[in-house]
Amino acid sequence: FFFDMQISGASNMSSWSPQLALASAAVCGAIVFVAYQQSSVEASLWTTTTTPALQRPIVRNVDLRSSPRTASSSRLAASHLGKPASVSHLAEDLEPIEFPKLNESKTPFDLRSLAAGMLCMFSMAAAYLLGKQQGKKQPHNGEQFALMAATGSTGQNQIVYNPPAFGRTTVLDRVDTPKDMKSLSREQLKQLADELRYEVLKVVSQKGGHLGSALGVIELTVALHYVFNAPEDPIVWDVSHQCYPHKILTGRRDRMHTLRDKNGVSGFAKRSESEYDAFGAGHSSTSISAALGMAVARDRQNKPNHCVAVIGDGAITGGMAYEAMNCAAYLDSRLIVILNDNDQVSLPTGTPSAGGIGPVGSLSTATNKVVNSGAAFDIREMARSLNELLPTDVKEMNKVVDKYTRGLITGGTLFEELGFLYIGPVDGHDLDQLIPIMQRLYMHREKPVLLHVKTRKGAGYQPAMTASDKYHAVPKFDVPTGQKVKSPPVVTYTSVFADTLVGLGQDDRSVVAITAAMPGGTGIDKFGERFPSRTFDVGIAEQHAVTFAAGLAVEGLKPFCAVYSTFLQRGYDQMVHDVALQKLPVRLIMDRAGLVGHDGPTHHGSFDLSFLGCIPDLIIMAPSNELELMDMVTTAYAIDDLPTCVRYPRGSVYGIAKLKSLFGYELERMPDRGRVLPVGKGWVVHRAKEDAAQKIAILSIGTRLSAAVEASRYLESLGDIGVTVADARFMKPLDEELITELAQNHEAVIMIEENSIGGFGDHVIHFMHDAGLLDDGKVKVRSMVLPDVWIEAATWNQQIQEAGLVAADIEALALKLLGREAPKEADGEEADVSAAVAKDVSVDKEVDALAKEAVETINKEVINAHHAK
């Protein structure tokens, strides 16, 4: 039992005294002695016929040893002499075994009991000696940056990063694709890992991006591409934010300077970008399902390749991962799953909550129980060799005890009960371990296998390893110091929500907050610091988060469930079935609504108004600024008979000066608390001039109100156009009175939103149609939404311009609806071209459609030129 406990790790054993080691050995020996003496009474408990849970055969792990079992003693001796000991012997041969039936009669004192006790005592003493010897090992010699030499996590070897001298990447320069790695020696592969870490640091320090996760899989990525044959052996990265090293090794190194730019290298795996990106990702817990599908397709086509899924300990908390593993065992398809366990489920780890400050979930606790990858495994091998000297029934009993003890201590039993062959845990930063193990896995051709590797996020770079979020996502930074290049301090919509929620929590103890592994991103970390017992981080489990919030609401609490808009897609059925259908007052807070910039299409919050708008008994709000956000969070708090949704964008708020100049607020400072808004009522920001020859209305919801105000000012500057600008505030229920007034008193109405088709604008048009507001044909109606295409990674400004939702787009559409051209006084060459085209084209029913479209395009360019000037 002792062999697999964490205390057998050399880092802990080295502090033991000889007396403590011997005393512990004596206790363990006595326990084993008594257990064997009692076995004559309890022999029936160990048979396969009396316990249904144990009736099926037990499958032992694959034997990864490169030498016979009898060679274990020589390996142990070699380790005492300072020679590297083989650690590629993690498990036993594939063969079904059963619990042995012990002899029914025993003598009061037999040799087997004595041998078992002596075996345990000897192993304890050996562990002590190995621990002492391991503790005397010196760290890696050589010059390192002070900030780049760091110790790994508990139970792991030291992680030392040696930056290439003068930035020369002599090995990496020879690797364009994984095939170029096949001829490299083990030492060259280690050098390649160092150079790859340097390259990742260089790229991300200049471009920003996901740093900690990429640094944590450097050695794992090198081992994977060295052993397996991508793209023939597809490697599926879960979430795929950690795949920068993979991209560098697969032919994209020369384009990494475009990382997350428009038309550049994506920050996630993307099938259209490279054949080595086997499956696109951005959301979590999908890799095992995708790799299983590939494996089944391979089997159907009688192909020999492997299918590999790499999933983190955060992503594996998602229910979809377990659904896939359950199915994999049922199909019994050859699949390799690599669990990259870095002890970080939430961002940031350490946020105070009702469950404490550790990583979320029991699985994280289980996988934390790690044995040392060197000495402890040698001890286990030595014990196996000694076990061969014992009688057969005792020998078989020890094997079974070893298997289940190891599973209980390391977490492997869970995966083995799901039908996987569990191997590990393994030091994910030690190529001397990873490569031999993966080579044996490559030869494995039977049931699904799960290899459990322990890594450290940000490995080799001290600032990343010590930060609470492990430098998960960073802006540009200085590599030697770790100092991030920061913009001037700004207030974000997320922080406004968090401060408002904390204020509500101070007044009402029934206010509780839920997040799905994103306390920092959603602002729930602020609430957790103030009210830890009322904060619930459920891990990457949006489905559970929504229904969990529903359960809290049933018992009278006021739950605020904060998730990213893009991740709420995973909790849609729960919103319908568990929340709205039962009219439970869950307050759903959707951060990152609309376009999100460099993270691209996997993270855009483009669809929430569309997929939530069709659900009955749901109140949906979208603030146009920070004041409105405070009011809407307060309004959601006050509603106790229906579920409410508030969606707001990523980024910084306007500030008092712009609030006053854009929207006409009269305030000198921000209020301390929000106010409760009348449900289903919008407000008019600016009214059209009564004497205007033509009138048009712009009805906005959410972020596009400022663009509508800017467009109105330009249009009214033309002299005879009056523009009314209104903020709808609510998508459900609609302000039908406001919409009716706009339709009846204006020649045209434009609705604008930062959402896909099927959202706010469609609901307004549907109401107008049913109310008969369109019957007489006097009002023209248009809806401006995100185009029905995927908007790729770029800056937010580039994306919103590509979407056609800036002020110039509103102005061009308004002029078109009013039958107007661009003003003749507009400056620039574009204005001359526009006037020439307009002069030659008569605007009547016979105008050629293509020429008309050209005029509209040029008008838009003229307006853009005006704004640029």
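It should be noted that the structure appears before, not after, this text.
In this report, we go over the structure that sits alongside the text.

Procedures and definitions
The numbers attached to residues start from 1 for each chain and follow its sequence in the written order. Residues qualify for local features only when their pLDDT is at least 70, as the model is predicted, and side-chain atom pairs are given and counted only at 80 or more; totals for whole chains, interfaces and linings, by contrast, use all residues. Side-chain numbers here rest on the full set of heavy atoms in the structure, without hydrogens or water. Points on a 1 Å grid, built from protein atoms alone, make a cavity when a 1.4 Å probe fits but cannot get out and make a pocket when they are open with protein on both sides within 12 Å along at least 5 of 7 lines; residues with an atom within 4 Å of a point are the lining residues. Grid points are joined across faces, edges and corners, and a volume is the space filled by probe spheres set on the points. Pairing between strands is defined by DSSP: at least two bridges between the two strands are required. Numbered from the N terminus, helices here are DSSP runs of H or I no shorter than four residues, and strands are runs of E no shorter than two. Fitted lines through C-alpha atoms give the axes, limited to the stretch in contact for helices. The angle between two N-to-C directions lies from 0 to 180 degrees. Note on definitions: a residue-residue contact is assigned when non-hydrogen atoms from the two residues lie within 4.5 Å. The buried label goes to any residue with under 20% of its type's maximum accessible area, the exposed label to any with over 50%, and the partly exposed label to all in between, with areas taken from a 1.4 Å probe on protein chains only. Whether two aromatic rings pair depends on their centres lying within 6.5 Å, for rings of Phe, Tyr and Trp, where Trp uses its six-membered ring; planes under 30 degrees apart make the pair stacked, over 60 edge-to-face, and the rest tilted. When the NZ atom of lysine or the CZ atom of arginine is within 6 Å of a ring's centre and also within 35 degrees of its normal, the charge is said to sit over that ring. Here a salt bridge means any side-chain nitrogen of Lys or Arg lying within 4 Å of a carboxyl oxygen belonging to Asp or Glu. In this scheme, a helix's expected span is set at 1.5 Å multiplied by one less than its residue total. Two N or O atoms count as a polar contact when they lie within 3.5 Å, although within protein this holds only if one can serve as hydrogen donor and the other as acceptor, and sequence-adjacent residues are included solely when both atoms are side-chain atoms. By the definition used in this description, the sense in which the near helix is turned from the far one sets the handedness, with an anticlockwise turn below a right angle giving left-handed and a clockwise turn giving right-handed. Small angles under 35 degrees read as roughly parallel and large ones over 145 as roughly antiparallel, with 65 to 115 read as roughly perpendicular and the rest as oblique.

So, about empty space enclosed by the protein. Enumeration according to the criterion identifies 1 cavity of 30 Å³ or more in this entry. Reported here for the largest cavity is a volume of approximately 30 Å³. In terms of lining, the largest cavity is formed by L699, A728, F730, L734, D735, L738, I739 and F760.

A few words now on the sheet that holds strand β16 (residues 683-686). Within a sheet, adjacent strands bond to each other through the backbone by hydrogen bonds, running parallel or antiparallel. Pairing is mixed across the open sheet formed by 5 strands, whose spatial order is β16-β18-β17-β20-β21. This sheet does not close on itself; its edge strands, each paired only once, are β16 and β21 (780-784). Across the sheet, the axes of successive neighbouring strands diverge by a mean angle of 25°, strand direction being ignored. As defined by bridge partners, strand β17 (residues 694-700) adjoins strand β18 (residues 721-727) across 7 bridges and the pair is classed as parallel. Within β18, the position partnered with I698 by the bridge is V725. Packed on one face of the sheet, helix α27 (residues 736-745) meets β16, β17, β18 and β20 (748-752) and runs near 155° to β17.

Burial analysis of strand β10 (residues 511-515) places 5 of its 5 residues in the buried class, which makes it a mostly covered element. Of the two faces of β10, the one carrying V511, A513 and T515 and the one carrying V512 and I514 are both buried. Bridging between β10 and strand β12 (residues 558-564) involves 5 bridges; their strand directions are parallel. Looking at the pairing, V512 lines up with P559 of β12. Across 3 bridges, β10 lies against strand β11 (residues 535-537) in parallel orientation. Its bridge partner being in β11, A513 is matched across the sheet by T535.

Here the focus is unusual backbone geometry. The omega angle of the peptide bond from A230 to P231 is 5°, so this bond is cis rather than trans. Within the secondary structure, P231 sits in the loop between α7 (218-227) and β5 (235-237). Phi is positive for A517, which is not a glycine, with a value near 70°. Although it is not a glycine, K583 adopts a positive phi angle of roughly 55°. Within the secondary structure, K583 sits in the loop between α22 (572-580) and β13 (587-591).

With that out of the way, let us pick up the side chain of H225. The residue H225 is located in helix α7 in this model. Once residues lying within four places of it in the same chain are set aside, the contact partners of H225 are P178, M181, K182, A230, I235, H246, L249 and T250.

Moving on, we come to the packing of aromatic side chains. Scanning the entire structure with this criterion turns up 12 aromatic pairs. Ring geometry for F527 versus F531: centroids 4.9 Å apart, planes at 50°, classification tilted. F531 carries the same exposure label as F527, and that label is buried. Through pairs of rings, three or more aromatic residues link up here, namely Y654, F663, Y665 and W683. R534 extends its terminal NZ or CZ atom over the ring of F531, reaching a point 4.2 Å from the ring centre.

Let's shift gears to the sheet that holds strand β6 (residues 308-312). If you trace the 5 strands from one edge of the open sheet to the other, you get β5-β6-β7-β9-β8, paired in parallel fashion. Across the chains shown, the open sheet's two edge strands, defined by having one partner strand only, are β5 and β8 (421-427). Each adjacent strand pair in this sheet contributes to an overall mean axis angle of 20°, direction not counted. For β8 and strand β9 (residues 449-454), the ladder comprises 5 bridges, and the chain directions are parallel. Across the sheet, residue L421 finds its bridge partner in β9, namely V449. Its contacts with the sheet put α7 on β5, β6, β7 (336-341) and β9, and the angle it makes with β5 is roughly 160°. Sitting on the sheet, helix α15 (residues 431-443) touches β7, β8 and β9, and the angle it makes with β8 is about 165°.

Any two side chains of opposite charge can pair, on the condition that their charged atoms come close. Enumeration according to the criterion identifies 33 salt bridges in this entry. Salt bridges linked by common partners bring D173, E199, K202 and R253 together as one network.

On to helix α20 (residues 542-554). Since the α-helix packs 3.6 residues into each turn, any two residues three or four apart lie on the same face. With 13 residues, α20 ought to run about 18 Å at 1.5 Å a step, and its terminal C-alpha atoms sit 19 Å apart, in line with that. Each element contacted by the buried residues of α20 is listed here: β10, β12, α21 (565-568) and α22. Once α20 ends, the next one or two residues include G556, with phi positive near 95°.

This brings us to the side chain of K558. With respect to the helices and strands, K558 occurs in strand β12. At 2.7 Å, the side chain of K558 and the side chain of D640 are in polar contact. Sequence-distant contacts of K558, defined by excluding residues within four places in its chain, comprise D508, S510, V511, V512, R587, Y637 and D640.

This part is about the packing of α7 against α15. Relative orientation of the contacting elements α7 and α15 amounts to 35°, with a least axis distance of 9 Å. Once α7 is placed against α15, the crossing between them reads as right-handed. Here α7 contributes E219, L220, V222, A223, L224, Y226 and V227 to the contact with α15, which in turn contributes L431, L434, I435, M438, Q439 and Y442.

The next subject is the packing of α20 against α22. Put simply, α20 and α22 touch, their axes get as near as 9 Å, and they point 10° apart. Taken as axis vectors, α20 and α22 run roughly parallel relative to one another. Contacts between α20 and α22 involve Q543, V546, T547 and A550 from the first element and Q574, M575, D578 and V579 from the second.

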